[in-house]
Amino acid sequence: MTGSVLQAYMICKRQAWLLAHQITGESDNDLLVIGRLIAQDSYSKDKKELKIFDGIVDVVRNEKGKIKIIEVKKSSKSSESAKYQLLFYMWKLSVKEGEIRIPKEKKIIKVFLTNENEKKLLLLLEEAEKVINNKVPPEPVQKSYCKTCSYNLFCWS
Ligand code: SF4
């Protein structure tokens, strides 16, 4: 299980299964590339303060001795799934505070690993693991997200 798989699970169970089984979609999906560039460019000035953590977290910032994990997103459209992705990293790293930053919208969403959020996260992880451990992926279900999904051709052609 990874944060990206968990985020995908909240959007599309099939996508989560494909990601978890290392089946890659189209790598030149424009939106994925734009998302990566936003994450790289938006905090380039802060580089001295920032550290990329194993490529799994966009930014880890040490503010007055307090570690904060920051996930950078291109829009707030999937902020609920982004929240659980961030909570997953926070839980893994035992960090209590995080932020989802959406530079294009000048928005910062604060996220806290409270007991309640941790309980919800663990339930979600349990559900997602059941789906991912199946031998075959869930059938595709058409949704608006399919238009920009890197598995579009795989699911619908
Ligand atoms: S194309 Fe649609 S059904 Fe297929 S993985 Fe992507 S979101 Fe899911």
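Structure report, in brief.

Definitions and cut-offs
- Chains are numbered independently. Their residues run from 1 in the order of the written sequence.
- Side-chain atom pairs in this predicted model are given and counted only at pLDDT of 80 or more, local residue features only at pLDDT of at least 70, and totals for whole chains, interfaces and linings cover all residues.
- Helix numbering and strand numbering both begin at the N terminus, where a helix is a DSSP run of H or I of at least 4 residues and a strand a DSSP run of E of at least 2.
- Exposure is read from a count of other C-beta atoms within 10 Å of each residue's own; the residue is exposed at 12 or fewer, buried at 20 or more and partly exposed in between. C-beta atoms are placed from the backbone.
- Contact criterion: two residues are in contact if their C-beta atoms, reconstructed from the backbone, are within 7 Å.
- Each residue gets a C-beta atom placed from its backbone. If that atom is within 6 Å of a molecule or strand, the residue is near it.
- Ten residues, namely Ala, Val, Leu, Ile, Met, Phe, Trp, Tyr, Cys and Pro, are considered nonpolar, four, namely Asp, Glu, Lys and Arg, are considered charged, and the remaining ones, Gly among them, are considered polar.
- Put simply, a nonpolar core is buried Ala, Val, Leu, Ile, Met, Phe, Trp, Tyr and Cys residues tied into one set by C-beta atoms within 7 Å.
- Any two strands with at least two DSSP bridges between them are considered paired.
- The path from the first strand over the helix to the second decides the hand: if it runs clockwise while the strands point away from the viewer, the crossover is right-handed.

Looking now at the overall build of the protein. Check the secondary structure of the protein and you find six helices and five strands. Along the protein, helices and strands appear, N-terminal first, in the series α-α-α-β-β-β-α-β-β-α-α. A buried classification covers 26% of the 157 residues belonging to the protein. For the protein, contacts bridging at least 24 residues in sequence account for 64% of all contacts bridging at least 6.

What follows covers the site of the ligand. Taken together, C12, R14, Q15, P140, V141, K143, Y145, C146, C149, Y151, N152 and C155 make up the full set of residues near the ligand. Elements represented by at least two residues in the shell around the ligand include exactly α2 (13-20) and α6 (152-156). Its residues placed into classes, the shell around the ligand shows eight nonpolar, two polar and two charged.

If you check the backbone angles, S94 has positive phi at about 50 degrees while not being a glycine. Tracing the chain through its elements places S94 in the loop between α4 (79-93) and β4 (97-102). The residue K106 is not glycine, and still its phi comes out positive at about 50 degrees. Assignment of secondary structure puts K106 in the loop between β4 and β5 (107-112). In this structure K106 comes out as exposed when scored by C-beta crowding, with 7 C-beta atoms within 10 Å.

In terms of burial, α2 is a largely internal element, eight of the eight residues being buried. Residues K13, R14, Q15, A16, W17, L18, L19 and A20 constitute the buried set of α2.

On to the nonpolar core, then. Membership of the largest hydrophobic core comes to 27 residues, with the highest contact counts inside it found for V5, A16, L86 and L87. Elements that contribute at least two residues to this core include exactly α1 (3-11), α2, β3 (66-72), α4 and β4. Residue contributions to this core peak at seven residues, all from α4. If sequence neighbours within four positions are ignored, L87 has contacts with V111, L113, N117 and L121.

Along β4, the buried face is formed by G98, I100 and I102; none of E97, E99 and R101, which line the opposite face, is buried. As judged from the four bridges shared by β3 and β4, these two strands associate in the parallel manner. Along β4, the bridge assignment pairs I70 with E99. Traced from β3 through α4 to β4, the parallel crossover comes out right-handed. Summarising the sheet, β4 and β5 pair through six bridges and their orientation is antiparallel. From the neighbouring strand, I100 faces β5, where its bridge partner is I109. Where β4 hands over to β5, the hairpin turn is made up of four residues, of which K106 adopts a positive phi near 50 degrees.

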